[in-house]
Amino acid sequence: MKFTVDWLKNHLDTKFNNNQIIDKLTNIGLEVESFETSTSELDTFMVAKIVNAKTHPNADRLKLCDVDIGGDKTIEVVCGAPNAKNGLLTVYAPPGSIIPKNQMKLSVSKIRGVTSYGMLCSESELQLSNESDGIIELKNNEYSNKIGEKYFKNTSEKVIDLSITPNRPDCLGVRGIARDLSAAGAGKLKINKKSNLKYRGNQNINVTIKKEKAQGCTIFGSCLIKGVTNIESPKWLKDKILSLGQKPISAIVDITNYVMFDLNRPLHAYDADKIDNEIIVRSSSKGESFEALDNKKYILENDMCVISDRSGVLGLGGIIGGTRSGTEYSTKNILLESAFFLPRSIRKTSKQLNIDTDAKFRFERGIDPLSIEEGLIKASELIKQICGGEISNLDVKKIENYKKTIINFDPFLFEKTTGFNVENKELIKILEKLGFNVSKNKKILKLVVPSWRPDITQSIDIVEEIVRIKGYEYINTLEPIKTRLKPTLNYYQKLFHFLQRSVASKGYLETVTWSFTDSKINQLFRENDEEIPIVNPISSDLNVLRNSIFPNLIFYLKKNLDRGFKDISLFEIGPAFKGKNPGDQMTVIGAVRAGKISRLSWNDKERIVDTFDVKKDVIQSLCEAGIEKDDIVIDDKTPSYYHPGKSGGVYQNKNEKKALAYFGEIHPNIIKKLDIKTEGLVIFEICLDYIKESKQKIKDSKSEYKFSDFQKSERDFAFIINKNFKSQELVNIIKSADNKLIKSVRVFDVFEGENIPEGKKSIAVNVTIQSEEKTLNENDLDNINKLIISSVESKSGAKIRS
Amino acid sequence: MSDIKKIKDEYIDKLNKENNIDKVNNIKSELFGKNGIVSNEFKKLGSVSIEERKKLASDLNNIKDELQNKILIKIQEIETKEINLKLEKEKIDVTLPERDIEIGKIHPVSQVIDEISSIFSEIGFSVEEGPDVENEYNNFTALNTPDNHPARDMHDTFYLDNNKELLLRTHTSPVQVRTMLKGKPPFKIIAPGRTYRSDSDQTHAPMFHQVEGLHIDKNINMGHLKGCLNYFIKEFFEVDKIKMRFRPSHFPFTEPSAEVDIGYEIKNGKIVIGEGNKWLEILGCGMVHPNVLKNVKVNPNKYQGYAFGIGIDRLGMLKYGINDLRAFFETDYRWLSHFGFDPLDVPSNYRGLSR
């Protein structure tokens with residue numbers, strides 16, 4: 001909402017200076033976006049002098065002018081005007097200027113082979129007159145010392161631009177702003193002058209508001225103004241319109257706009273002679289169409305509120321008028337409309353047709369239904385004053401009467417909500433200045449809400465009005481109450497925190513990527529989850545919610561590889577979406593690792609990252625987050641985006657059906673499809689939701705401290721076993737041979753090939769044996785050895801290597 | 001006797017000059033072997049008169065001790081020298097690079113969320129979460145933002161269906177709704193998380209982060225709101241003084257509503273929070289609207305309280321001097337390394353919020 005301080009002072013008697021007004025506006029909740037001189041399209045035009053005019057080398061009728069534009073700058077302009085001559089003072093439009101006459105934007109262009117930097121203007125081009133025969137000739141005595149200065153004085157005052165929140169339609173008019181300021185002690189609201197307008201005759205175009213279910217109009221006020229001469233607006237009005245950042249059109253249109261911004265009362269002027277017999281306000285039928293004042297043709301749906309005549313739709317009520325009945329300079333008789341449209345109807349229609357106008361913006365927020373006559377009178381007076389004409393009696397058709405909103409307000413609610421007290425007397429004064437009618441009933445205030453405040457419906461709204469006007473600085477700053485109702489974090493939030501930092505501590509950089517991704521990449525990681533498209537994506541490559549965390553991670557990994565990084569470890573912790581309903585999401589860590597370990601190391605042999613690097617990272621992170629390592633079970637079933645032979649799933653224990661993590665190499669097809677150039681790429685993921693909280697808190701499990709001081713022995717075994725036999729299973733067989741005595745089993749060599757039969761492998765393990773009761777003798781150890789060998793051989797089909 | 005003394009002096013002298021361990025051992029057997037010089041002298045003792053023997057034996061023992069001692073010291077001396085020599089040869093260049101350090105980092109957004117959680121934890125808030133996909137009711141209607149209300153235009157919403165029933169939450173406020181629906185007052189929570197608006201330019205990203213705050217109890221008023229936020233801002237920016245301004249505003253789900261500005265100035269091209277005459281809007285807040293409380297089955301005549309919403313990314317940018325919001329989400333390795341935090345740098349009260 002834009003306006004000048006001058007305009008504000010039409011409604012407000014104030015001694016406040018500009019800065020005080022600005023501060024006050026901010027303090028009462030009318031946020032000041034800016035306070036500056038409005039820029040005008042005319043700002044670019046400047047006074048210039050032709051230093052030298054010579055004939056164009058390729059065209060006799062054109063001239064090549066060296067033009068002095070001030071600041072020691074001379075530029076070359078091609079000009080066709082016969083009066084262009086040396087020493088002439090004229091108006092120059094640099095490239096980028098918009099020529100008022102045709103709204104063309106100038107650019108640097110070649111005219112008959114010579115580059116012209118801008119243009120010299122005629123009066124007609126600047127719409128100063130119809131004189132188009134030559135360029136403007138400025139008087140020497142007046143302009144000779146103004147070369148380089150703006151030709152059009154931007155005499156406009158500084159403009160206040162307010163950002164008005166959607167609850168305050170009343171402040172979409174200058175008067176409403178003045179009222180708020182007066183309530184806050186910034187001056188006195190001026191009383192509207194009584195109109196002494198003379199009416200002649202009746203408004204004889206019949207108006208009907210149809211009683212329909214979807215009727216979006218409840219009041220239609222109008223008057224007929226006959227015998228007007230539509231002209232250009234006088235300067236004061238043009239200036240007002242310009243200060244709004246709008247273009248003056250004609251007196252009649254400018255006046256309706258002016259009244260809209262002055263009183264927040266949208267109006268519409270029809271050329272009465274173009275109306276076919278009568279006005280019918282009704283709901284549209286699907287397929288009806290009309291050409292609107294924005295020069296677009298709109299095809300309507302059912303139940304849009306239209307103003308029509310016998311020939312069809314004239315305009316969309318409260319949104320935009322039509323060209324068929326628009327006013328022109330030739331218009332002689334006008335029908336002025338001042339109506340009330342229902343916000344919901346306005347909003348629905350404008351959304352469906354995607355139209356945004358100042359009138360729509362106001363009606364959808366709620367216009368004062370009691371301002372119908374006020375608007376008609378103010379506009380008619382101005383029209384009569386500027387364009388002449390005779391005004392008919394006002395005709396107001398209604399299908400619904402305005403109902404007052406009454407609130408019984410207990411002033412105690414104010415203190416209860418804000419924590420401070422305002423005396424009743426002051427409180428009443430504030431409300432009255434805001435336009436409330438206040439009467440007292442014991443402790444309760446009976447408040448009649450002003451008709452321009454549709455946002456105020458209940459007591460809490462009154463609290464806000466009072467505290468807003470009184471000032472938020474009166475609210476105390478109380479010490480925070482430290483009472484705690486429950487622990488800050490629950491188990492899964494702690495887990496999130498642990499795992500996040502745990503993975504980062506393994507050398508991974510945490511990233512945060514969009515929750516949406518490119519469906520083409522997502523497809524590669526989607527598995528059996530449904531694709532979740534976004535109806536209105538920000539761009540076509542961010543068109544679905546990510547089913548996995550990897551599409552984005554891999555995408556950005558590639559970007560970093562393309563930047564020349566070779567060894568990259570990245571991870572993200574966040575949502576992966578499994579369906580489109582709220583809650584169909586899991587919290588997942590995804591991590592990628594590319595490149596080599598010990599690249600260019602002077603002492604270690606460099607190698608490509610492999611599955612066991614990420615396996616270590618994932619297992620260690622899980623252990624750090626509190627998962628019991630000895631319970632973890634690994635299998636080789638993984639999602640299809642993993643290398644089928646080089647990846648594994650991690651289970652919290654042998655009873656779990658769902659893998660809580662996967663690790664391994666990414667499927668080579670994906671690397672190929674996404675054209676990722678790296679020596680090696682391994683990934684892992686952890687699904688936090690699948691981790692089960694341990695039943696024992698750490699304070700309970702710590703107490704079980706057991707150890708043995710008896711001597712421990714180590715024995716090595718090597719078995720020849722089927723190639724596909726899993727080492728994990730072998731270890732389990734050995735451990736279960738004697739759970740008490742066998743403390744640990746460590747695989748220290750795996751070997752295939754030479755001396756090993758086809759389809760077999762050799763696994764060497766080191767077994768630690770220790771009793772908690774005694775030192776084992778040779779005999780005991782021999783027995784264990786035999787037991788281990790026989791268990792392994794019988795349960796796995798392996799043979800001990802001799 | 002004078003002979004043996006002479007021999008002793010001779011051998012002491014010899015030992016002093018000797019540097020070879022084998023030769024020292026030879027000397028040792030020359031002196032103390034089976035037929036060694038000193039051994040033989042002891043054998044001679046038998047043929048000496050008793051009166052003389054005592055004195056002689058004593059002298060002889062002294063000489064023996066002296067020589068043996070000397071030999072021992074000499075051997076140690078030589079051995080030490082040899083070890084030192086050996087170690088000297090083993091010397092390596094310790095300025096050669098160590099094995100690669102793998103430095104991981106925590107994203108600034110995560111760090112700031114942890115900082116925020118730590119601060120609010122100190123004053124008794126617990127952390128709640130809600131889903132990123134929300135229904136229209138929780139995101140708007142329950143929050144007193146009915147359909148066909150222009151306040152919805154303040155949020156450019158991503159939808160997941162054509163009926164506009166499912167959407168990506170435009171703010172963290174639906175967590176208020178979920179929390180209050182599933183529990184009983186009092187409530188004292190913060191809810192950090194991802195939020196989405198279909199808006200993208202230099203200062204807007206289609207996804208960003210907010211933290212919601214909600215404190216509902218019997219007598220919570222705007223003074224508590226001011227106190228809570230004043231405490232938070234001071235703690236977060238780690239300054240002693242803060243300039244804070246409450247400005248009336250409008251959010252459908254709070255009433256009265258306020259926007260909060262903090263004072264700042266630019267010093268040497270950097271933002272200094274808490275000083276100066278410029279104002280920076282950093283959050284929105286207010287008293288929870290009675291309509292919202294009714295919608296979540298909390299009696300507004302019995303309970304009241306405040307809510308606030310803070311842009312996390314923006315707070316992080318201000319505190320850590322990050323200029324570009326979009327860069328938060330672009331996964332540039334250089335950016336992450338530069339602006340990321342060490343994983344051990346866990347914000348906490350006792351250790352300090354940040355290093």
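None of the values given here were measured: they were computed from a predicted structure.

A separate point is the interface of chain B and chain A. Counting from both sides, the interface comprises 69 residues of chain B and, opposite them, 74 residues of chain A. For the side of chain B that touches chain A, the secondary structure elements donating two or more residues are α5 (108-122), β1 (126-127), β2 (133-135), β4 (187-196), α8 (222-237), β6 (244-251), β7 (254-267) and α11 (333-339) of chain B. Ranked by the residues each element gives to the side of chain B that touches chain A, the list is headed by α8 of chain B, at eight residues. A per-class count over the side of chain B that touches chain A returns 33 nonpolar, 24 polar and twelve charged.

Once that is clear, we can look at the pairing of strand β10 (residues 304-311) of chain B. Residues and elements named next belong to chain B. By the criterion of burial, β10 is predominantly enclosed, with eight of the eight residues buried. Alternating residues of β10 divide into Gln-304, Tyr-306, Phe-308 and Ile-310 and Gly-305, Ala-307, Gly-309 and Gly-311, and every residue in both groups is buried. Pairing between strand β9 (residues 278-288) and β10: five bridges, direction antiparallel. Within β10, the residue paired with Cys-285 across the bridge is Phe-308.

Here the focus is the domain arrangement of chain A. Accessible area lost when the parts come together is the quantity often used to give the size of an interface. According to the domain assignment, chain A consists of domain 1 (2-40 + 156-189), domain 2 (41-143), domain 3 (206-398), domain 4 (405-474), domain 5 (491-690) and domain 6 (706-800). With centres defined by C-alpha atoms, the gap from domain 1 of chain A to domain 6 of chain A works out at 87 Å.

All names here are of chain A. Strand order in the open sheet formed by five strands is β6-β5-β4-β7-β12, with antiparallel pairing between adjacent strands. Taken across any chain shown, the strands that pair with only one partner, and hence form the sheet edges, are β6 (74-79) and β12 (119-120). As paired elements, strand β4 (residues 46-56) and strand β7 (residues 89-93) share four bridges and run antiparallel to each other. Along β7, the bridge assignment pairs Lys-49 with Leu-89.

Another aspect to go through is the domain arrangement of chain B. Segmenting chain B into domains produces domain 1 (2-89) and domain 2 (108-339). Here the C-alpha centroids of domain 1 of chain B and domain 2 of chain B sit 91 Å apart.

So, on to helix α2 (residues 18-27) of chain A. Residues and elements named next belong to chain A. Regarding α2, the residues found buried are Ile-21, Lys-24, Leu-25 and Asn-27. The arc that holds the buried residues of α2, viewed along the axis, is 165°, so those residues lie on one side. Away from its buried face by more than 90 degrees, α2 exposes Asn-18 and Asn-19. Where α2 is buried, its residues meet α1 (5-9), β3 (31-37), β13 (158-163) and α4 (174-183). Just beyond α2, the residue with positive phi is Gly-29, at close to 95°.

Definitions and limits used
Per-chain numbering applies: the sequence of each chain, read as written, is numbered from 1 onward. Just so you know, chain letters begin at A and ligand numbers begin at 1, following the order they were written in. Reporting of local features is limited, given that this is a predicted model, to residues whose pLDDT is at least 70; pairs of side-chain atoms are given and counted only at 80 or more, and all residues count toward the totals for whole chains, interfaces and linings. By definition, residue pairs are in contact when their C-beta atoms, positioned from the backbone, come within 7 Å. By the criteria applied, helices consist of DSSP H or I runs no shorter than four residues and strands consist of E runs no shorter than two, each listed in order from the N terminus. Note on residue categories: nonpolar means Ala, Val, Leu, Ile, Met, Phe, Trp, Tyr, Cys or Pro, charged means Asp, Glu, Lys or Arg, and polar means any other residue, Gly included. Buried means a residue has 20 or more other C-beta atoms within 10 Å of its own C-beta, exposed means 12 or fewer, and partly exposed covers the counts in between; C-beta atoms are placed from the backbone. Strands are labelled as partners when DSSP assigns at least two bridges between them. The split into domains, and so the bounds of each, comes from an automatic or database assignment of domains. Each C-beta atom gives one direction from the helix axis, and the arc is the one those directions make.

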